[in-house]
Amino acid sequence: MTAQTTQVPGRSDTNRPRICGHFIDGSWREPADVLQRHAPGTGAVVSTVGAGTAGDVDEAVRAARHAFDSGIWSDATGTERARILHRVADMIEANSALLAALDAEEGGKPIRLSEGDIAGAAALTRYAAGLAVQMHGTTYTNHGADHTGLVLREPAGVAGLITPWNFPALILCQKLPFALAAGCTVVVKPSELTSSSTLEIARLYAETGLPDGVLNVVTGDGRAGQALAEHHGVDVLSFTGSTTTGRKILTASQGNLKKLSLELGGKAANIVFADADLDDAAEGVLFGAFFNNGECCVSQARLLVHDSIADDFLAELKSRVGRIRVGQPLDHATDVGAMIHPGHLEAVLGHITQGTDQGAHVVAGGARASGPALDEGLFVQPTILDGVGPGMSVFREEIFGPVLTVSRFHDVAEAINLANDVDYGLANSIWSKNVDTVLPVAKALKSGTVYVNTTIDAPPTLPFGGFKTSGVGREMGQAGFEEFTELKSVSIRTGKRSGTFAFGGVHAPRS
Ligand code: NAD
């Protein structure tokens, strides 16, 4: 195994070895080739991880299959699985400073947010532990005195988990503890841009005594992900990433028709009605748009505001946006950090230019952020574009940067039409104090999540996922857990059969 010694900011016990290698069948494997990661905030090399091949993925899937078939995890009691998950949750909390620093440094996200992600990762792991204990099927005895119907809930098998770069530890924990709680064995392929926290969390699992082969991690780029999606030894695949990659995974996974959950892109709207608490709404709109640098699937990137309050509300946003601090990801004063990579910085700036070319006008920001602490990094000013209509690309396309577009509406029907008039359907927010407005609008919105007088708020209990091109399946909550299970119906007839099997009669419902 290759180990690097790296100064990890945010920790006193620095010079901790940063693992570089795949974790397969309980041991760290030397990769044939490696990928270097440059910090978005400074450009410095911060980590080096294995460039996984199809061969590495195959080895990991075989290890997971062997562990699954042995029953060492799939037949373990819910209490045993929960015990491991609770221990890991404790260890995530104990290692939170390191994990938060890794995600902030590699991902460019503000450290305060990253600390929140790690707290969320521990909470998700604990929640999943509870599900492990409660995993159960159902029994039916209403089909005649001599019949019992059992619906068994079983682990789905080998789970492949592919994660993106924007919430590396958090999204890992929206999947991994749920899969393990269900009794699956797992192969994880993290984003090549932010692999370190996943490797650290794998190390924590290994320290709990999780049996070899139950959790495997292969790092690498899309080629490793593609190999995992294609592999016939994978029974269920949970993917989070772009809609473009989601479509490729749909095709790649068809060989063995694996069970799929796809958490994809979004283009959420913040709908602000005239009867909202406008102070709350202004804070919420800015938070929703610029949270995680705007690099968030549920970024509330479109503001739809009632025209009777639009000018005043926009003036309020303009006065507050200047307080948002763009800065180095590891600085606790930073609100908005650095874009994930140079190509993405260019893409975000390109979207702004395209928006203004199509008639939008810049109310705030609109350019690359510069300054003594910023010039080596990939920073964009928090940007507000007004005068945006549904025909413009900035209204429809996922920008994935700190860019808020503003559109006005005249009535409820127009607000709903504008919110729904995009291909995505992940999340939207409603700001109104009137229940007669809130409930009908919440029902009319075509998105998997609706926030009311709040934004980007995802407790582990609530299933999360998309309508339309935002995805298939759900993550978190009971529904997210069930994605990693299969149902088996067992139909049992007891006693001596009174008649013979009669064609046409066997399936007839009994009264
Ligand atoms: P991405 O699709 O580029 O990559 C995601 C993961 O897929 C990475 O691990 C990558 O290596 C892998 N991958 C790339 N090509 C692949 C292929 N052909 N087959 C299999 N795997 C492949 O996405 P990203 O840039 O890392 O993340 C940003 C996107 O993720 C945005 O569109 C965002 O909206 C979306 N996202 C969605 C959610 C959600 O829950 N719906 C959450 C976070 C991010």
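Model, not experiment: these values are computed from the prediction. (Residues numbered from 1 in each chain as written. Predicted model: local features only at pLDDT ≥ 70, side-chain atom pairs only at ≥ 80, totals over all residues. Heavy atoms only, no water.)

## A closer look at unusual backbone geometry
Within the chain, D25 stands out as a residue other than glycine whose phi angle is a positive 55°. Turning to its location among the elements, D25 is positioned in the loop between strand 3 (22-24) and strand 4 (27-29). The partly exposed category is assigned to D25, whose relative accessible area is 35%. Phi is positive for M476, which is not a glycine, with a value near 65°. With respect to the helices and strands, M476 occurs in the loop between strand 23 (471-472) and helix 15 (477-482). Overall, M476 belongs to the buried group, its relative accessible area being 3%. (Helix = DSSP H or I, 4+ residues; strand = E, 2+ residues; numbered from the N terminus. Buried < 20%, exposed > 50% of the residue type's maximum accessible area, 1.4 Å probe, protein only.)

## Focus on the pattern of salt bridges
Under the definition given, this model contains 23 salt bridges. With a closest N to O distance of 3.6 Å, R153 and E482 form a salt bridge. Linking R153 in strand 8 (residues 147-155) with E482 in helix 15, this pair joins segments that are 329 residues apart in sequence. A salt bridge links R320 to E283, with the nearest nitrogen and oxygen atoms 2.7 Å apart. In this pair, R320 is assigned in helix 10 (residues 310-321) and E283 in helix 9 (residues 278-290), connecting sequence segments 37 residues apart. Ionic contacts of the salt-bridge type, sharing partners, join the residues D279, E283, E316 and R320 into one network. (Salt bridge = Lys/Arg side-chain N within 4 Å of Asp/Glu carboxyl O.)

## A few points about the packing of helix 4 (residues 111-134) against helix 5 (residues 168-181)
Orientation of helix 4 relative to helix 5, taken along the N-to-C sense of each, is 15°, at an axis distance of 8 Å. Taken together, the axis directions place helix 4 and helix 5 in an arrangement best described as roughly parallel. Where helix 4 crosses over helix 5, the handedness of that crossing is right-handed. Between helix 4, through D117, I118, G120, A121, L124, T125, Y127, A128, L131 and A132, and helix 5, the contact on the second element is made entirely by A169, L170, C173, Q174, P177, F178 and A181. Class assignment of the residues belonging to the contact of helix 4 with helix 5 gives a composition of 13 nonpolar, three polar and one charged. (Axes fitted to C-alpha atoms, helices over the stretch in contact; angles between N-to-C directions. Parallel < 35°, antiparallel > 145°, perpendicular 65-115°, else oblique. Left-handed = near helix turned anticlockwise from the far one by under 90°. Contact = heavy atoms within 4.5 Å. Nonpolar A, V, L, I, M, F, W, Y, C, P; charged D, E, K, R; others polar.)

## Comments concerning the packing of aromatic side chains
The geometry of an aromatic ring pair is captured by two quantities: the separation of the ring centres and the angle between the planes. What the rule picks out here adds up to six aromatic pairs. Taking the centre distance of 4.7 Å and the plane angle of 45° together, the rings of F23 and W28 count as tilted. For F23, a relative accessible area of 4% gives the class buried. The aromatic ring of F395 is capped on one face by R302, whose charged end is 4.7 Å from the ring centroid. (Phe/Tyr/Trp six-rings, centres within 6.5 Å; stacked < 30°, edge-to-face > 60°. Lys NZ or Arg CZ within 6 Å of the ring centre and 35° of its normal.)

## Looking at the site of the ligand
Every one of the 29 residues lining the ligand counts as a neighbour, but K189, E192, T245, L264 and E398 are closest to it. Within the contact set of the ligand, a nitrogen atom lies 2.8 Å away from a side-chain nitrogen or oxygen of Q226. Separating an oxygen atom of the ligand from a side-chain N or O atom of T245 is a distance of 2.7 Å. Look at the ligand: alone it shows 850 Å² of surface, and the protein chains cover 89% of it. Of all the secondary-structure elements, those providing two or more residues to the shell around the ligand are helix 7 (222-230), strand 12 (236-240) and helix 8 (243-252). Considered class by class, the residues forming the shell around the ligand number 12 nonpolar, 11 polar and six charged. Shared between two domains, the shell around the ligand holds at least three residues of each, these being domain 1 (3-264 + 477-488) and domain 2 (269-452). (Near = heavy atom within 4 Å. Polar contact = N/O pair within 3.5 Å; in protein donor to acceptor, adjacent residues only side chain to side chain. Areas by Shrake-Rupley, 256 points an atom, 1.4 Å probe, with all protein chains shown as cover. Domains from an automatic or database assignment.)

## Brief notes about the domain arrangement of the protein
For an interface, size is often stated in terms of accessible area lost upon the parts coming together. Domain parsing of the protein yields domain 1 (3-264 + 477-488) and domain 2 (269-452). For domain 1 and domain 2, the distance between their C-alpha centroids amounts to 31 Å. The interface is formed by 25 residues belonging to domain 1 together with 28 residues belonging to domain 2. Summed over both sides, the interface between domain 1 and domain 2 buries roughly 2000 Å², with carbon and sulfur atoms accounting for 60% of that surface. Between domain 1 and domain 2 we count one salt bridge in total. Among the salt bridges present, the one from D335 reaches R112, with a minimum N-O distance of 2.7 Å. Put simply, domain 1 and domain 2 have 13 residue pairs in polar contact (both at pLDDT 80 or more) between them. Within the residue set of the side of domain 1 that touches domain 2, elements represented by two or more residues are helix 3 (96-107) and helix 4. The biggest single contributor to the side of domain 1 that touches domain 2 is helix 3, with five residues. (Buried area = accessible area lost by both parts, 1.4 Å probe.)

## A few points about the sheet that holds strand 7 (residues 138-140)
The strand order across the open sheet formed by three strands is 7-8-24, and the pairing between neighbours is antiparallel. Whereas interior strands pair on both sides, the edge strands pair on one side only; in this sheet they are strand 7 and strand 24 (485-493). Each strand axis lies, on average, 15° off the axis of its neighbour in the sheet, ignoring direction. Across nine bridges, strand 8 lies against strand 24 in antiparallel orientation. (Pairing = 2+ DSSP bridges.)

## Focus on the environment of G366
Relative to the elements of secondary structure, G366 occurs in the loop between strand 16 (361-364) and strand 17 (383-386). In this structure the C-alpha to C-alpha distance between G366 and S47, which are 319 residues apart in sequence, comes to 31 Å. The contacts of G366, once residues within four sequence positions are left out, are I352, Q381 and T383.

## Side note on the confidence of the model for the protein
Mean pLDDT over the protein stands at 94; residues scoring 70 or higher make up 94%. Contacts from residues 1-17, a stretch scored under 50 in pLDDT, to residues over four places away or in other chains number 42 contacts. (pLDDT = per-residue confidence, 0-100.)

## A few points about the packing of helix 1 (residues 54-70) against helix 7
Two elements in contact, helix 1 and helix 7, have axes separated by 9 Å at closest approach and are oriented at 45°. If you check the angle between helix 1 and helix 7, you find them oblique. At the point where helix 1 passes helix 7, the crossing takes the right-handed sense. Along its contact with helix 1, which presents A54, V57 and V61, the element helix 7 presents A224, A227 and L228. Its residues assigned to classes, the contact of helix 1 with helix 7 shows six nonpolar, no polar and no charged.

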